[in-house]
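# A closer look at the structure
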Amino acid sequence: MIRAAGSVSDALADRPLVLRTHDRVTDHARVELRVLHGALDHLLACSSTADDERSLAWGDAHQFSAGAVYRMLKSSGCGPPLHDLNWAGYAPLKVKVFVWILRHGNTRTRAFLRHIGCLDTDVCPFCLRQPETLAHLFFTCSRQRLFWRCTLGPRRCALPTSAEAAWVSLQVSNPSWGVPLWSTVTSCLLWVIWKTRNRMVFDAVHLPLPAILEQVIEHLRLWRARVPSRVSFESVEQWCAVLL
Ligand SMILES: [Zn+2]
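What this report covers is the structure whose coordinates are included nearby. (Residues numbered from 1 in each chain as written. Predicted model: local features only at pLDDT ≥ 70, side-chain atom pairs only at ≥ 80, totals over all residues. Heavy atoms only, no water.)

## Comments concerning the coordination of the zinc ion
Under perfect tetrahedral coordination by four donors, a metal shows angles of 109.5 degrees; under perfect octahedral coordination by six donors, it shows angles of 90 or 180 degrees. Put simply, the test is: Counted as donors are N, O and S atoms no farther than 2.8 Å from the metal, or 3.2 Å for Na, K and Ca; water is not among the atoms, and sites may therefore look incomplete. Geometry assignment treats four donors as tetrahedral when all angles are between 85 and 135 degrees, treats four as square planar and six as octahedral when opposite donors are over 155 degrees apart and all others between 65 and 115, and treats everything else as irregular. Secondary structure is summarised from DSSP: a helix means a run of H or I of at least four residues, a strand means a run of E of at least two, and numbering begins at the N terminus for each. Whether a residue is buried, partly exposed or exposed follows from its accessible area with a 1.4 Å probe, protein chains only, as a fraction of its type maximum: under 20%, in between, or over 50%, in that order.
At 2.1 to 2.3 Å from the zinc ion lie its protein donor atoms, namely Cys124 (SG), Cys127 (SG), His136 (NE2) and Cys141 (SG). Considering all four donor atoms around the zinc ion, the spread of angles at the metal, 98 to 123 degrees, places the coordination shape in the tetrahedral class. Linear spacing of the donor residues for the zinc ion on their chain is C-x2-C-x8-H-x4-C. Taken as a pair, cysteine 127 in the loop between α6 (110-115) and α7 (134-140) and cysteine 141 in the loop between α7 and α8 (142-152) lie far apart in primary sequence, 14 residues in all. Its relative accessible area of 1% is what places cysteine 141 among the buried residues.

## Observations regarding a negative patch on the surface
Applied cut-off: The residues that make up patches have over 30% relative accessible area and no salt bridge, and they are joined within 9 Å when like-charged or within 5 Å when they are Val, Leu, Ile, Met, Phe, Trp or Tyr. Calculation of accessible area relied on Shrake-Rupley with a 1.4 Å probe; when residues are assessed, cover is drawn exclusively from the protein chains displayed. We define a salt bridge as a contact between a side-chain nitrogen of Lys or Arg and a carboxyl oxygen of Asp or Glu at a distance within 4 Å. The charged-residue count follows a simple rule in which Lys and Arg add positive charge and Asp and Glu add negative charge, with His and chain termini not counted at all. To locate a charge, the coordinates of NZ of Lys, CZ of Arg, CG of Asp or CD of Glu are taken.
On the surface, Asp10, Asp51, Asp52 and Glu53 cluster together into a patch of negative charge. Following the sequence through the fold, aspartate 51 ends up in the loop between α2 (27-40) and α3 (66-75).

## Brief notes about a nonpolar patch on the surface
Together, Tyr70, Trp87, Leu93, Val97, Trp100 and Ile101 make up an exposed nonpolar region whose accessible area comes to about 520 Å². The biggest single contributor to the nonpolar patch is helix α5 (residues 93-103), with four residues. Note on placement: isoleucine 101 falls in helix α5. Given a relative accessible area of 32%, isoleucine 101 falls into the partly exposed group.

## Digging into the side chain of asparagine 174
Defined as follows: Polar contact criterion, stated in full: a pair of N or O atoms within 3.5 Å, where within protein one must be able to donate a hydrogen and the other to accept it, and residues adjacent in sequence count only if both atoms are side-chain atoms.
On the secondary structure map, asparagine 174 appears in the loop between α9 (163-173) and α10 (179-203). Asparagine 174 gets classed as buried once you look at its relative accessible area, which sits at 12%. At a separation of 3.1 Å, a polar atom in the side chain of asparagine 174 contacts the side chain of serine 173.

The analysis is restricted to geometry; functional conclusions fall outside its scope.
Dropping the structure here:
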């Protein structure tokens, strides 16, 4: 039951904290719930009829907001993984949301759709051998190897197996770009893989590698207009020029 006027003090008065979904939580969530109970056991809340007030104990802002929490986490050196890859670039918002969903493992791959009961098969539509998981679709499927080899440069770079690894590899091969451009280009590469996968699945159009690389160049050419004038995009344009 949700009580709109309830306070933290009210909730803690009903110990032990009982979740209405308790019989449906996963084993991992059950472990997290035990940790939460352990933390709450040491918490003393003042009994009060006033509304709860939320504030941050430290950081550059004490008023509680999602933005202030992000800044506090980043300044502590333990920010959310891939935060900069997700939000610090110049990709359109819909692409940032796509990367956010990918980071959290909720991209609608065939393995995901089969897991939630929407598909009977999880087989990759390209190689027809492995389940189409996130890692397989974006990184380890045989069709991706040459794509990443072309976009990440010299053979000494190990092929990535995750979005974070791709982002780091791009930093190694293009150290002068800086965070916003690394993030923009990595987001573009992931977005183009997803778009070309959907062309194959929904329109039966199987683009060859040169056409996929052309899509990368075209997207970055469009996104160029989103880059502020103080940021030089020339190095990315040079990178695009040698892609084909
Ligand atoms: Zn495959």
